[in-house]
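Coordinate inspection notes
Chain residues, written in single-letter form:
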Amino acid sequence: MAQFLLETVWLVPCYALIGGLLAVPWSPGIIRKTGPRPAGYVNLVMTFFALVHSAIALQATWNYPPQEVFIPWLSTAGLDLTIALDISSISVGALVVITGLNLLAQIYAIGYMEMDWGWGRFYSLLGLFEAGLCALVLCNNLFFSYVILEILTLGTYLLVGLWFSQPLVVTGARDAFLTKRVGDLFLLMGVLGLWPLAETWNYTELAEWASTANVNPTVIGLVSLALIAGPMGKCAQFPLHLWLDEAMEGPVPSTILRNSVVVASGAWVLIKLQPVLSLSPLVSSAMVGIGAVTALGASLIAIAQIDMKRCQSYSVSAYMGLVFIAVGVQQDEAALLLVLTHALSAALLVMSTGGIIWNSITQDVTQMGGLWKRRPISGIAFIVGSLGLIGFPPLGSFWALMELADGLWETQPWLVGVIIAVNALTAVSLTREFALLFGGKATQMTERSPEAHWPMILPMMILLGFNLHLPFILQNLSLIPDWASLNKDVALLLNWSSIFGCTITGVIYFSNIPKPIRLPWKGLQDLIAYDFYTPNIYRMTIIFSVAKISQLADTIDRFVVDGIVNLVGLFSLLGGESLKYSTSGQTQFYAFTVLLGVGALGMWVSWPFWGVQFLDLIF
């Protein structure tokens, strides 16, 4: 049975796709008698089947070599587009994570979107997202990975813009779509530029080619820079990071997927392309630089935010920056472990705060407080999610950060400092958010703020338990080292940076120090609070340039293109009007006109033959 499910594991994306298609009739109201709820239940059942299928198949893949399945699609003019599927423990394990988190997000959405009018459309889009993500982790071809990423970009636009009657939602969906399209455009250039060099898009063949490739450093550098632009947009890396913050205008259940596995889609492609990217030391350094700048900058920005969604969105960018560093220094295992542990902890944090957003009229953390007595389950989930996201042993991210830092301890110690700083700043940010939400006394906004109902609490408790048991799962699978073999210096630095960040912030925010906390230099505080003025720079440069170019194009279109067309139309109108009055009905007049025209045409055609002789006679 397990072997059969392993051979048919390529059907897992089809479950979600079928569920999304079956939910479509409830979206525009074609089916009204039953209400929209069956759309959600159909998706839940199909996602459950996908989870069971992939979980059983995972057991069959363990300790077995990876397999590759080929599905012919198009072969013409020397171009062979065959869909290659990679069936391995890593890819099937990613299917389990994606389907499991989507199942929990769908259960959560039953409670969160109980009375929402966009229920059917929302579940259809969740099915599209799950199908795209599952297809991406199975796909072993760069070209088809690009196609899937484009579908996910469209899905992001539609999910963020679910409540399209709100102006901020429309703006957020548009900006998210356009920002990701910038990275996708460069990614397409890289995909097309890589073909003449390697003559393949298969990831396995690309790795074999890269091991013996002898290419021009400038060419492979430019191609690789284009290839990392797409993952930069997907992973919300500087300067393509603003979309993730604006995408928070979408429903919280979709944020569960977006903050956990959707942002990791770019990281997955980046890890697959690592052998090719390592051919250019410049690109490896660029990835490390982009990851370090984003990780440190986003960690600082998260501390100064007052919206509870924004606090977490910048932490997501920070940890994806660490993934960029891991790929840049060729530590793929650490990158995969970072993606896994971050996905589970980030999803739990979104679930914890989502219940507060659900029955509150504000998302401003400075107006909250005293929720620990009213929402103890959400508070415990927030604590576990926070500790699972920072280097706090023995929870998940400690092992991921430990593996990454240990590999850099001897060669690039300054990057270890970056990891320690990001870990400490993330601890400060999450502790600050917890203190403002759950600590202190109740305010007017939180005096009547009960715990959410069971459809939202149940998936949160399941994910909480999984986060707590993740170290035991990783240990049983031999994915983390023994305590005796750990680098004690790195482990102590990670542990103490977590304790330092949590303790200092706890002392500040749980004491009687006047709130809000302000830095001595207002300019520095504004710099961090306003995202290093990146939105302003965008408005003064890119948006301003695009607006002026659009105005110029509009002027040319109206006065030049339209002017020429209108002039031709005017001449046609005048010619028609003049011919109208020359119509007399006399046959001899028409014959004379035809002969006159034929004579003029004959003179024009024969001019090269007799025109020269005529001019010679005159002169």
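Residues numbered from 1 in each chain as written. Predicted model: local features only at pLDDT ≥ 70, side-chain atom pairs only at ≥ 80, totals over all residues. Heavy atoms only, no water.

An unreviewed UniProt entry lists the protein under the name NAD(P)H-quinone oxidoreductase subunit F, with Desmonostoc muscorum LEGE 12446 as the source organism.

1. Considering the overall build of the protein
A tally of regular secondary structure across the protein gives 24 helices and two strands. Projected onto the principal axes, the alpha-carbon positions of the protein cover approximately 110 × 60 × 60 Å. Taking all 619 residues of the protein together, the buried fraction comes to 50%. Within the protein, counting contacts between residues at least 6 apart in sequence, those at least 24 apart form 80% of the total. Total accessible area on the protein stands at roughly 29100 Å², and carbon and sulfur atoms take up 70% of it. Side-chain charges of the protein comprise 26 positive and 35 negative groups, with the mean position of each set lying 16 Å from the other. (Helix = DSSP H or I, 4+ residues; strand = E, 2+ residues; numbered from the N terminus. Buried < 20%, exposed > 50% of the residue type's maximum accessible area, 1.4 Å probe, protein only. Contact = heavy atoms within 4.5 Å. Areas by Shrake-Rupley, 256 points an atom, 1.4 Å probe, with all protein chains shown as cover. Lys, Arg positive; Asp, Glu negative; His and termini not counted. Charge placed at Lys NZ, Arg CZ, Asp CG, Glu CD.)

2. Side note on the UniProt feature "domain: NADH:quinone oxidoreductase/Mrp antiporter transmembrane" (unreviewed entry) in the protein
Per the UniProt record, "domain: NADH:quinone oxidoreductase/Mrp antiporter transmembrane" (unreviewed entry) is annotated on residues 140-422. What you have in residues 140-422 is 76% helix and 0% strand, and the ends, taken at the C-alpha atoms, are 33 Å apart. (UniProt positions renumbered as here; feature names shortened; annotations may be inferred.)

3. Side note on the side chain of serine 254
In this fold, serine 254 is placed in helix 11 (residues 252-262). Each residue touching serine 254, except ones within four places of it in the same chain, is listed here: Phe122 and Leu159.

4. Regarding the packing of helix 14 (residues 281-303) against helix 15 (residues 308-328)
When two helices pack together, their arrangement is given by the angle between their axes and by how far apart the axes lie. For the pair helix 14 and helix 15, interaxial distance at closest approach is 7 Å and the crossing angle is 160°. By the angle between their axes, helix 14 is roughly antiparallel relative to helix 15. As helix 14 packs across helix 15, the resulting crossing turns out to be left-handed. Along the contact surface, helix 14 presents Ser284, Met287, Val288, Ile290, Gly291, Ala292, Thr294, Ala295, Ala298, Ser299, Ile301 and Ala302, while helix 15 presents Cys311, Tyr314, Ser315, Ser317, Ala318, Gly321, Leu322, Phe324, Ile325, Val327 and Gly328. (Axes fitted to C-alpha atoms, helices over the stretch in contact; angles between N-to-C directions. Parallel < 35°, antiparallel > 145°, perpendicular 65-115°, else oblique. Left-handed = near helix turned anticlockwise from the far one by under 90°.)

5. Focus: the packing of aromatic side chains
In the structure shown here, the tally under the stated rule is 13 aromatic pairs. Consider the rings of phenylalanine 398 and tryptophan 399, whose centres lie 5.3 Å apart with planes at 80°: the pair is edge-to-face. What makes phenylalanine 398 buried here is its relative accessible area of 1%. Assessed through its relative accessible area of 4%, tryptophan 399 is described here as buried. Here a set of aromatic residues connected by ring pairs shows up, and it is made of Trp372, Phe382, Phe434, Phe438 and Phe510. (Phe/Tyr/Trp six-rings, centres within 6.5 Å; stacked < 30°, edge-to-face > 60°.)

6. Topic: the environment of phenylalanine 49
Structurally, phenylalanine 49 can be placed in helix 3 (residues 37-61). Taking C-alpha positions, phenylalanine 49 is 9.2 Å from threonine 99, a pair spaced 50 residues apart along the chain.

7. Here's the deal with the nonpolar core
Residues Leu142, Leu227 and Leu322 are the most contacted members of the largest nonpolar core, which totals 171 residues. The element best represented in this core is helix 16 (residues 332-358), accounting for 14 residues. Contact partners of leucine 142, with chain neighbours within four places excluded, come to Val191, Leu194, Trp201, Tyr203, Leu227, Val269 and Leu273. (Core = buried A, V, L, I, M, F, W, Y, C linked by side-chain atoms within 4.5 Å.)

8. Some points on the pattern of salt bridges
For the structure on display, the rule yields three salt bridges. Among the salt bridges present, the one from aspartate 184 reaches lysine 234, with a minimum N-O distance of 3.3 Å. Within this pair, whereas aspartate 184 is found in helix 7 (residues 167-198), its partner lysine 234 is found in helix 9 (residues 217-234), the two being separated by 50 residues in sequence. An identical accessibility class is assigned to aspartate 184 and lysine 234; each is buried. Notably, a salt bridge pairs glutamate 451 with arginine 375, separated by 3.8 Å at the nearest N-O pair. Here arginine 375 lies in the loop between helix 16 and helix 17 (376-389) and glutamate 451 lies in the loop between helix 19 (413-438) and helix 20 (454-476), a separation of 76 residues in the sequence. (Salt bridge = Lys/Arg side-chain N within 4 Å of Asp/Glu carboxyl O.)

9. Some details on helix 6 (residues 142-160)
Taking 1.5 Å per residue as the helical rise, helix 6 with its 19 residues ought to reach 27 Å, and the 27 Å between its terminal C-alpha atoms agrees with that figure. Sitting at the head of helix 6, asparagine 141 places a side-chain oxygen 2.9 Å from the backbone nitrogen of phenylalanine 143. (Expected span 1.5 Å × (residues − 1). Polar contact = N/O pair within 3.5 Å; in protein donor to acceptor, adjacent residues only side chain to side chain.)

10. Here we look at helix 21 (residues 488-510)
Given a rise of 1.5 Å per residue, 23 residues ought to cover 33 Å, and the 32 Å separating the end C-alpha atoms of helix 21 matches this to within 8%. Those residues of helix 21 not exposed but buried are Val490, Ala491, Leu494, Ser497, Ser498, Gly501, Thr505, Gly506 and Tyr509. Looking at the buried residues of helix 21, the elements they touch are helix 18 (396-408) and helix 19.

11. Some words on the state of the cysteines
A covalent bond between the sulfur atoms of two cysteines is referred to as a disulfide. Taken as a whole, this structure holds zero disulfides when the rule is applied. Between cysteine 14, a cysteine without a disulfide, and cysteine 134, which holds the nearest cysteine sulfur, the sulfur-to-sulfur distance is 10 Å. As a non-bridged cysteine, cysteine 139 has cysteine 134 as the owner of its nearest cysteine sulfur, 13 Å distant. Classification of cysteine 139 as buried rests on a relative accessible area of 3%. (Disulfide = S-S within 2.5 Å.)

12. Details of the environment of phenylalanine 510
Take phenylalanine 510: it is sitting in helix 21. When the C-alpha atoms of phenylalanine 510 and glycine 439 are compared, they prove to be 6.7 Å apart, with 71 residues separating the residues in sequence.

13. What about unusual backbone geometry?
The peptide bond linking phenylalanine 238 to proline 239 adopts the cis configuration, its omega dihedral lying at 5°. Mapped onto the secondary structure, proline 239 falls in the loop between helix 9 and helix 10 (242-246). Each neighbour pair has its own omega, and for proline 393 with proline 394 the value is 5°, a cis peptide bond. Relative to the helices and strands, proline 394 is located in the loop between helix 17 and helix 18. The residue glutamate 199 is not glycine, and still its phi comes out positive at about 55°. Unlike most non-glycine residues, alanine 236 shows phi in positive territory, near 55°. Locating alanine 236 in the fold gives a position in the loop between helix 9 and helix 10.

14. Regarding the confidence of the model for the protein
Looking at the protein as a whole, the pLDDT averages 82, with 93% of positions reaching at least 70. Within the protein, the element-level pLDDT minimum falls on helix 24 (residues 587-618), averaging 69, and the maximum on helix 17, averaging 90. (pLDDT = per-residue confidence, 0-100.)

15. Considerations on the environment of leucine 474
With respect to the helices and strands, the residue leucine 474 is situated in helix 20. The sequence separation of leucine 474 and glycine 396 amounts to 78 residues, and the corresponding C-alpha distance is 8.6 Å. Residues in contact with leucine 474, not counting those within four places in the same chain, are Leu337, Leu340, Leu479 and Ile480.

16. Describing the side chain of threonine 61
Mapping threonine 61 onto the fold places it in helix 3. Its relative accessible area of 4% is what places threonine 61 among the buried residues. Excluding residues that lie within four positions of it along the chain, threonine 61 makes contacts with Leu6, Ser88, Ser89 and Val92.

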